[in-house]
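An overview of the molecular structure
Single-letter residue listing:
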Amino acid sequence: MFKDLFSNRLFIGALAFFVLCVCGSLLYMQHVEKQTKKALAESEDFQQWWHERNTAEKPVAAEVAVSDDAANASDSEAVGDSAVVAAPTDEPETDNTPDFWSLPVEERQRIIDQFYHQRGLNPPPKGYKYRWKEIGVPLLDENGDPVLQKEGEPWVEIRMEVGFAPTLEEYERYEQLQEDQGWAESRGDVAEANRLTAEIEALEASVQRVRPVHFMTSWVGAEAKAKASRRTKEKLDAALREHGLEHLISPY
């Protein structure tokens, strides 16, 4: 029975396809995890923390060096009760900060975990990263939870600011004024066109209210760039609907 089964080309092809899918999934997960760690290690927040972390360890080494010099004080010139240590040479300083990527994998993971724990965070799930409000401060959502972003996905930020936010009735009036102004210009009625322009500007100034506005869209890679415009429109449109301003949603 098994001999017949394994001699069946269709079965063998299906089995090979399944094995390839499983292997491909595992390789992709490893790739995403590696890219996530690489993006973190190259981020401004991590770089600053990494520099401060290693700088803080250097004074300890300096104290040891001073103690060694004190032990060899017999080689210095005595002046009263004090010892004059020979002036340092003008040898160029070398940066002894360890290279993050030269460390063993386990050590890199320990350092990354330490980075998150010092900020009150757990390491993010595989394939995700935290968004940062500023260096060292994670971005929080309305519930006070840290915001996660899926790797490879564009980041769209919508903020509440004062802007053009008419009610539906005001917007319909606004559109009618624009149409009338266009007709006045087309027939050469300059006075009427100017009057309507002034009325449009007055209406715009009177409907400045707090509303959702597109603040920023960021992405990394060609795939995320292709999604950026669509995600920006989707997120802004959803915010406008939430605040009762769906009449401001562009059809394009």
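Quick notes on the rules
- Residues numbered from 1 in each chain as written.
- Predicted model: local features only at pLDDT ≥ 70, side-chain atom pairs only at ≥ 80, totals over all residues.
- Heavy atoms only, no water.
- Phe/Tyr/Trp six-rings, centres within 6.5 Å; stacked < 30°, edge-to-face > 60°.
- Helix = DSSP H or I, 4+ residues; strand = E, 2+ residues; numbered from the N terminus.
- Buried < 20%, exposed > 50% of the residue type's maximum accessible area, 1.4 Å probe, protein only.
- Lys NZ or Arg CZ within 6 Å of the ring centre and 35° of its normal.
- Core = buried A, V, L, I, M, F, W, Y, C linked by side-chain atoms within 4.5 Å.
- Contact = heavy atoms within 4.5 Å.
- Salt bridge = Lys/Arg side-chain N within 4 Å of Asp/Glu carboxyl O.
- Patch = residues over 30% accessible without salt bridge, like charges linked within 9 Å, V, L, I, M, F, W, Y side chains within 5 Å.
- Areas by Shrake-Rupley, 256 points an atom, 1.4 Å probe, with all protein chains shown as cover.
- Axes fitted to C-alpha atoms, helices over the stretch in contact; angles between N-to-C directions.
- Parallel < 35°, antiparallel > 145°, perpendicular 65-115°, else oblique.
- Left-handed = near helix turned anticlockwise from the far one by under 90°.
- Nonpolar A, V, L, I, M, F, W, Y, C, P; charged D, E, K, R; others polar.

Some words on the packing of aromatic side chains
Per the counting criterion, the structure on display carries six aromatic pairs. Between the aromatic rings of Phe-115 and Trp-132, the centroid separation amounts to 5.8 Å while the plane-to-plane angle is 65°, which identifies the pairing as edge-to-face. One end of the pair, Phe-115, is in helix 4 (residues 105-117); the other, Trp-132, is in strand 4 (residues 132-134), with 17 residues separating them in the sequence. Measuring from ring centre to ring centre gives 6.3 Å for Tyr-171 and Tyr-174, while their planes differ by 25°; the resulting arrangement is stacked. Pair noted here: Tyr-171 and Tyr-174 are both in helix 5 (residues 168-186), with a separation of three residues, about one helical turn. We note that Tyr-171, like Tyr-174, is buried. Pairwise contacts between aromatic rings join Phe-115, Tyr-116, Tyr-130 and Trp-132 into one cluster. Across the ring face of Phe-215, the terminal group of Arg-159 is positioned such that the distance to the ring centre comes to 3.5 Å. Between the NZ or CZ atom of Lys-235 and the centre of the ring of Trp-155, over which it lies, the distance is 5.1 Å.

Observations regarding the nonpolar core
Core analysis: the largest hydrophobic core is formed by 14 residues, its most contacted members being Tyr-174, Leu-177, Leu-203, Leu-240, Leu-245 and Leu-248. Of all the secondary-structure elements, those providing two or more residues to this core are helix 5, helix 6 (190-206) and helix 7 (222-242). For Leu-245, the residues in contact, after removing those within four places along its chain, are Ala-165, Pro-166, Arg-211, Pro-212 and Leu-240. One finds Trp-50, Leu-103, Ile-111 and Leu-121 within the second-largest nonpolar core, a separate group that totals 11 residues.

Comments concerning the pattern of salt bridges
Following the criterion strictly, the structure yields 13 salt bridges and no others. Residue Glu-223 is joined to Lys-227 by a salt bridge in which the shortest nitrogen-to-oxygen separation is 3.8 Å. In this pair, Glu-223 and Lys-227 are both assigned in helix 7, four residues apart and thus about one turn of the helix distant. Since its relative accessible area comes to 17%, Lys-227 is described here as buried. The closest approach of N and O atoms between Glu-234 and Arg-230, which form a salt bridge, is 3.4 Å. Placement of the pair is Glu-234 and Arg-230 together in helix 7, with a separation of four residues, close to one helical turn. If you follow the salt bridges from partner to partner, you end up with Glu-153, Glu-223, Lys-227, Arg-230, Arg-231 and Glu-234 in one network.

Let's talk about a nonpolar patch on the surface
Taken together, Met-160, Val-162 and Val-210 make up a surface patch of nonpolar side chains, about 290 Å² in accessible area. Tracing the backbone shows Val-162 in strand 7 (residues 155-164).

A short note on the packing of helix 5 against helix 6
In the contact formed by helix 5 and helix 6, the axes pass within 9 Å of each other and the chain directions differ by 160°. As far as their axial angle goes, helix 6 and helix 5 are roughly antiparallel. Like other packed secondary-structure pairs, helix 5 and helix 6 cross with a definite hand, here left-handed. Across the interface between the two elements, Glu-170, Arg-173, Tyr-174, Leu-177, Gln-178, Asp-180, Gln-181, Ala-184 and Glu-185 of helix 5 pack against Glu-192, Ala-193, Leu-196, Thr-197, Glu-199, Ile-200, Leu-203 and Glu-204 of helix 6. Partitioned by chemical class, the residues of the contact of helix 5 with helix 6 number seven nonpolar, three polar and seven charged.

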